[in-house]
Amino acid sequence: MSTNALDAIAKAHVPVLRDDVLRLIAPRDGGVYVDVTLGRGGHAEAILEASAPSGRLVGIDRDETAIRETRERLSRFGERVRFVHGAFSGLRAHLASAGTPRVDGLVADLGVSSPQLDTAERGFSFKSEGPLDMRMDTSSGKTAREVIADMDERELADVLFQYGEERKSRPIARSIKRAEADGRLETTLDLSRAIWRVTGPRRVGIDPATRSFQALRIVVNAELGELEALLDALPDVLVDGGVAAIISFHSLEDRPVKHALKADPRLEVIGKKPIEANEDEARDNPRSRSAKLRGAKRLPRAEDPAEVSP
Ligand SMILES: C[S@@+](CC[C@H](N)C(=O)[O-])C[C@H]1O[C@@H](n2cnc3c(N)ncnc32)[C@H](O)[C@@H]1O
């Protein structure tokens, strides 16, 4: 895609809670930042602009397409930005190899991106026909089709219940496994139809396939384990006084974030409640409606008896 076309898309893209993220992280000239969920680079771009002329940023994403396209889009920042194809679980190593083991600010905007959801071939959408893939990193790991094949009906039902909070998990799992046995489970719409056979199609509100797709996506991408690894690395990768800003979109993400920030004696939670979108943003950007932003500051290491030098 040409730089102009990418720029046009980017102009229309205002990242979720951008101004609140900037207020928390307070980027400054000369600062060093990491965006661990680079995506289309909306937050990264805002941080690079706010930390001009010499602030630097490492942009990490496990999606190679996102890295490739955003590298092109943010090329005007030159050497100020480094791109890493990788996951949260390698955060310490990614930062070390980028030459910035500690950063002044970190942003994480969890979940899938709009381009991932909207590109049928990625297999995330229950609305458009695509392969049953759902991997954010298409270079490794098992596809949703393979993950389903590896589970028996009971395990599949547990996944739908636990990660999708799907109350009809058992009949849905049965319907999916039946479709698989009949050779009718190759595409996203095959999966949607197996779910709709139990729930009926959407009448009002969210589509009933949403929950099961979410559950499978979480398992395919080991999202909760990845989040745990990110939360574990946070206090190590922030400089004293450095700030992390984490946006989550459902309670399975928000709960561990809230708990980890609160429980870690090396961090100080910022604000009593999570920041949510105001009415204007919620109207203009539907994705922001379920967003919860939590911030925490790294306390000085001198006051941290357990601290050992890196
Ligand atoms: C919601 S999007 C981020 C959007 C971005 N803030 C922007 O302004 O365009 C989330 C991105 O994080 C990436 N991602 C999710 N989990 C990840 C993980 N464990 N490690 C690295 N990247 C991850 C996804 O591939 C996706 O591109």
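Residues numbered from 1 in each chain as written. Predicted model: local features only at pLDDT ≥ 70, side-chain atom pairs only at ≥ 80, totals over all residues. Heavy atoms only, no water.

K.L.:
Can you help me understand the domain arrangement of the protein in this one?
P.N.:
How large an interface is tends to be reported as the accessible area lost when its parts come together. Taken domain by domain, the protein holds domain 1 (3-114 + 223-302) and domain 2 (138-220). Using only C-alpha atoms to locate each centre, domain 1 and domain 2 end up separated by 30 Å. Of the residues lining the interface, 11 residues belong to domain 1; the matching set on domain 2 comes to 7 residues. A buried area of about 710 Å², summed over both sides, lies between domain 1 and domain 2, and 48% of it is on carbon and sulfur atoms. Looking only at domain 1, the three residues that lose the most surface to domain 2 are E223, H250 and L252, adding up to 56% of its buried area. Along the contact surface separating domain 1 from domain 2 lie 2 salt bridges. The interface formed by domain 1 and domain 2 contains 2 residue pairs in polar contact (both at pLDDT 80 or more). (Domains from an automatic or database assignment. Contact = heavy atoms within 4.5 Å. Buried area = accessible area lost by both parts, 1.4 Å probe. Salt bridge = Lys/Arg side-chain N within 4 Å of Asp/Glu carboxyl O. Polar contact = N/O pair within 3.5 Å; in protein donor to acceptor, adjacent residues only side chain to side chain.)

K.L.:
I keep staring at helix α4 (residues 64-73) and nothing clicks. Help me out?
P.N.:
Three- or four-residue spacings in an α-helix give side chains the same orientation, since the helix completes a turn every 3.6 residues. Residues of α4 that are buried include every one of A66, I67, T70 and R73, and no others. All buried residues of α4 fall inside an arc of 130° around its axis, so they share one side. Backbone nitrogen of T65 and a side-chain oxygen of the N-cap are separated by 2.8 Å at the start of α4; the cap is D63. (Buried < 20%, exposed > 50% of the residue type's maximum accessible area, 1.4 Å probe, protein only. Helix = DSSP H or I, 4+ residues; strand = E, 2+ residues; numbered from the N terminus. Arc of directions from axis to C-beta.)

K.L.:
Looking at this structure, how should I read the site of the ligand?
P.N.:
Taken together, 25 residues sit near the ligand, with H43, D61, D109, Q116 and R287 positioned nearest. Interatomic distance of 2.9 Å between a backbone N/O atom of G42 and an oxygen atom of the ligand. In the model, a nitrogen atom of the ligand is placed 3.2 Å from a nitrogen or oxygen of the R62 main chain. Contact with the protein chains hides 97% of the accessible area of the ligand, taken as 600 Å² for the molecule alone. (Near = heavy atom within 4 Å. Areas by Shrake-Rupley, 256 points an atom, 1.4 Å probe, with all protein chains shown as cover.)

K.L.:
Whenever I open this one, helix α12 (residues 223-237) confuses me. Can you help?
P.N.:
The end-to-end C-alpha distance of α12, which contains 15 residues, comes to 20 Å, matching closely the 21 Å that a straight helix rising 1.5 Å per residue would cover. Residues of α12 that are buried include every one of E223, E226, L227, L230, L231, A233, L234, P235 and V237, and no others. (Expected span 1.5 Å × (residues − 1).)

K.L.:
I would appreciate a short explanation of the sheet that holds strand β4 (residues 103-109) in the present structure.
P.N.:
Sheet architecture is open: 7 strands sit in the order β3-β2-β1-β4-β5-β7-β6, paired in mixed fashion. The open sheet has two edge strands with one neighbour each: β3 (81-85) and β6 (267-275). Taken over all neighbouring pairs, the strand axes of this sheet differ in orientation by 15° on average, direction set aside. This element, α4, spans β2 (56-61) and β3 of the sheet and lies at about 160° to β3. Packing of helix α13 (residues 251-263) onto the sheet brings it into contact with β5 (238-248), β6 and β7 (292-298), and relative to β7 it is tilted by some 20°. (Pairing = 2+ DSSP bridges. Axes fitted to C-alpha atoms, helices over the stretch in contact; angles between N-to-C directions.)

K.L.:
Where do I start with the environment of G30 in this structure?
P.N.:
With respect to the helices and strands, the residue G30 is situated in the loop between α2 (18-25) and β1 (32-35). Here the alpha-carbon distance between G30 and D20, two residues 10 residues apart in the chain, equals 21 Å. With sequence-adjacent residues up to four places away left out, G30 is seen in contact with S51, S54 and G55.

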